[in-house]
Amino acid sequence: MPKKIVVLNGSPRKKGNTSMLVKAFTEGAESAGHTVMEFFLDSMDIHGCKGCFGGHSSRDCPCVQRDDMAKIYPAVKDCNVIVLATPLYYWTMSGQLRTAIDRLFALEEGDGNLLRGHERASVLLMAAEGNGFEDVSLYYDHLMQHLQWKNLGKVLCGGVMDVGDITGRKELDDARELGKSI
């Protein structure tokens, strides 16, 4: 059965190594008949969470802030799979992705929890100069447990700093195959 997939791309480089992982994943997913919608977070106007607990999941825009998250909320509400794509920054996800994840909390507030559970699944795609993925993997695993999402897999590619370093790497094939397997 075709799935609706949302990619939250937290890379600041539109044609960087993380984006190349996203492209490979998307090719695989679309070849399997799935629909993929990518949000390139760095080019969006997304503010940090205010911690106000003023959100209501049933509203069209569940957060009290009015910014580009209003484009992401309906897609997330309607999807089956969320792909978190990011370079590794200081042993965790980029600020662009962390900010969007924090803001998704509004979907857990108010009249009903529209984020946690709901037969959703997730994928983690990461590129990094080094190979220190342990901390971010632990965080991702805890996030999946909290959200009650099925972890469909991770593609973690270390040793890729400059744009294009990932070219020819096995992890691109892994991302493509993971997209096909959804």
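See above for the structure.
To keep things clear, this report deals only with the structure shown in the data block. Along every chain, residues carry numbers that run from 1 in the direction the sequence is written. This being a predicted model, a pLDDT of at least 70 is required before a residue's local features are given, and a value of 80 or more before pairs of side-chain atoms are given or counted; all residues contribute to the totals for chains, interfaces and linings. Note that water and hydrogens are dropped before the side-chain values are worked out from all heavy atoms of the structure.

1. Some points on the sheet that holds strand E4 (residues 121–127)
Part 1 of the reasoning: Judged by pairing direction, the sheet is parallel, and its five strands sit side by side in the order E2-E1-E3-E4-E5 without closing on themselves. Looking along the sheet, the strands with just one partner apiece sit at the ends: strand E2 (35–40) and strand E5 (150–157). On average, each strand axis in the sheet is inclined to that of its neighbour by 15°, with strand direction left out of account.
Part 2 of the reasoning: Here six bridges tie strand E1 (residues 4–9) to E2, and the two strands are oriented parallel to one another. Bridge pairing links Leu8 to Phe39 in E2. Here a strand pair is declared whenever DSSP counts at least two bridges between the two strands. Each helix is a run of H or I in the DSSP string that is no shorter than four residues. Each strand is a run of E no shorter than two, and both are numbered from the N terminus. Orientation is described by lines fitted to C-alpha atoms, with helices fitted over the stretch in contact, and by angles between N-to-C directions that extend from 0 to 180 degrees.

2. Digging into the packing of aromatic side chains
Part 1 of the reasoning: Side-chain rings of Phe, Tyr and Trp (the six-membered ring for Trp) are treated as a pair once their centres are within 6.5 Å; stacked means planes under 30 degrees apart, edge-to-face means over 60, and tilted covers the remaining angles. One pass over the structure, following the stated rule, counts two aromatic pairs.
Part 2 of the reasoning: Taken together, a centroid distance of 5.9 Å and an interplanar angle of 85° make the contact between Phe53 and Phe105 edge-to-face. Here Phe53 is found in the loop between E2 and helix H2 (69–78), whereas its partner Phe105 is found in the loop between helix H3 (95–103) and E4, with 52 residues between them in sequence.
Part 3 of the reasoning: Working definition: with a 1.4 Å probe on protein chains only, accessible area under 20% of the residue-type maximum means buried, over 50% means exposed, and in between means partly exposed. The exposed category is assigned to Phe53, whose relative accessible area is 63%.
Part 4 of the reasoning: Ring geometry for Tyr90 and Trp91: centres 6.0 Å apart, planes at 65°, overall edge-to-face. For the pair formed by Tyr90 and Trp91, the shared burial category is exposed.

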